[in-house]
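If you want the building blocks of each chain, they are given just below.
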Amino acid sequence: MRAIASISQSALTHNLSIVKKNSPNARIVSMVKANAYGHHIDLVNPIINQSDLLGVSERLEAEKLRQTTNKPILLLSGVIKDQELQQAIKLNCQIVVHDKTQLPVINNTKQAINIWIKINTGMNRLGLSTSEYFDCMKLLENNPLINIQCVMSHFACSDEINHPMNQSQLFEFKKSTHSTKRSMANSAAILSNPASHFDYVRPGIMLYGVSPFDTINHNLKPVMQLSAPIMSIKTIKAGDSVGYGATWIANKLTTIATIGIGYGDGYPRHAKNGTPVLINNTLCPLVGRVSMDLICVDISNINANIGDNVILWGNQQLRIETIAKHSSTIAYELLTGVSSRVTFINVI
Ligand SMILES: *Cc1c(COP(=O)(O)O)cnc(C)c1O
């Protein structure tokens with residue numbers, strides 16, 4: 001008995017259409033890093049086929065993606081050594097330059113390359129400073145082998161719509177980048193800040209049907225549905241405990257279903273008592289600690305049988321955002337944490 005992650009192709013298409021509706025004039029760089037946010041790169045064809053570019057964080061991801069598509073790939077990490085540059089060119093990547101130490105290798109290219117320049121507008125993670133950016137433009141503009149496709153930056157707080165950083169980063173970005181193509185918006189900015197859309201938008205989490213904000217967005221459709229079967233059902237009496245550490249104790253006669261999924265599959269160990277799971281269209285509360293292979297659920301209020309399918313997340317009635325809240329994390333971490341023990345299947 002095992003856990004299954006079903007990946008909805010129609011939900012991917014739908015969510016991409018929401019990106020297009022929100023930013024009709026921008027080209028789309030769909031972010032498929034971290035194995036398409038844990039959805040498996042070979043199961044997200046609708047977004048691969050219908051985007052202008054595909055964003056990955058490092059070369060091994062680009063290699064894997066290149067086996068399924070000829071679309072241009074944006075390599076966010078860029079390159080440091082000439083050998084990495086050669087590999088990136090071979091994979092037909094557009095290469096991000098985010099640090100001045102990357103410039104000599106880029107400027108010494110022997111073949112034509114397409115690059116993106118990333119500038120730091122306040123997140124202070126990757127990106128050239130304004131003065132480094134001007135120096136870089138001067139240096140690279142005269143190199144006929146270098147085609148500067150776009151200048152990009154990244155928001156630190158776009159999931160908080162009214163955070164003052166959003167305006168200050170946008171202001172910084174606009175100040176130095178009039179004469180080039182530009183890209184700034186991730187999912188949160190695509191949905192909330194049209195002034196940040198520019199020439200290319202970079203949707204990630206919204207493609208997978210997850211709201212980038214604190215509230216659920218019912219216009220987005222969940223792409224991954226995680227499910228597992230009921231393996232056992234028992235009745236316990238008041239005073240009996242459930243699971244490791246005996247942390248949950250029944251206060252009355254209780255029916256407990258044991259489900260074949262645990263933190264070894266990527267279900268969060270920190271999910272609290274009361275975290276909802278969906279059984280036969282009814283939400284039931286998790287009880288006791290999550291173990292490696294199993295969780296326990298109070299099913300006293302429903303009819304259920306061994307073998308019945310239990311949905312852990314990815315349903316209109318049970319969104320992954322809710323599970324993230326109950327386990328003090330974000331949906332990004334849950335999605336990218338589904339383990340290789342789970343069977344992934346493609347569904348319409
Ligand atoms: C991951 C990533 C995105 C997408 O962010 P979401 O919040 O998932 O939409 C956009 N831009 C860059 C540079 C990223 O690394």
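Residues numbered from 1 in each chain as written. Predicted model: local features only at pLDDT ≥ 70, side-chain atom pairs only at ≥ 80, totals over all residues. Heavy atoms only, no water.

1. Thoughts on helix α4 (residues 59-66)
Given 3.6 residues to a turn, an α-helix orients residues that are three or four positions apart in the same direction.
Next up, step 1: Among the residues of α4, Glu61, Ala62, Leu65 and Arg66 are the ones counted as buried. Seen along its axis, α4 keeps its buried residues to an arc of 135°; they face one direction. (Buried < 20%, exposed > 50% of the residue type's maximum accessible area, 1.4 Å probe, protein only. Helix = DSSP H or I, 4+ residues; strand = E, 2+ residues; numbered from the N terminus. Arc of directions from axis to C-beta.)

2. Observations regarding the domain arrangement of the chain
The accessible area lost on association of the parts is a frequent measure of interface size.
Next up, step 1: In terms of domains, the chain is made up of domain 1 (9-208) and domain 2 (224-347).
Next up, step 2: Each of domain 1 and domain 2 has a C-alpha centre, and the two are 37 Å apart.
Next up, step 3: Counting every contact that joins domain 1 to domain 2 gives zero salt bridges.
Next up, step 4: Taken together, domain 1 and domain 2 are joined by two residue pairs in polar contact (both at pLDDT 80 or more).
Next up, step 5: Sort the elements by how many residues they give to the side of domain 1 that touches domain 2 and helix α2 (residues 33-38) lands first, with three residues.
Next up, step 6: Looking at the side of domain 1 that touches domain 2 residue by residue, the classes come out as four nonpolar, four polar and no charged. (Domains from an automatic or database assignment. Salt bridge = Lys/Arg side-chain N within 4 Å of Asp/Glu carboxyl O. Polar contact = N/O pair within 3.5 Å; in protein donor to acceptor, adjacent residues only side chain to side chain. Nonpolar A, V, L, I, M, F, W, Y, C, P; charged D, E, K, R; others polar.)

3. So, the pattern of salt bridges
Next up, step 1: Applying the stated criterion to the full structure yields eight salt bridges.
Next up, step 2: Between Asp293 and Arg341 there is a salt bridge whose closest N-O contact spans 2.9 Å. In this pair, Asp293 sits in the loop between β15 (282-287) and β16 (295-298) while Arg341 sits in the loop between α11 (331-336) and β18 (343-347), placing the two residues 48 residues apart along the sequence.
Next up, step 3: Its relative accessible area of 38% is what places Arg341 among the partly exposed residues.
Next up, step 4: We note a salt bridge from Glu321 to Arg319, for which the minimum N-O separation is 4.0 Å.
Next up, step 5: Overlapping salt bridges, with partners in common, bring together Asp265, Asp293 and Arg341 in one network.

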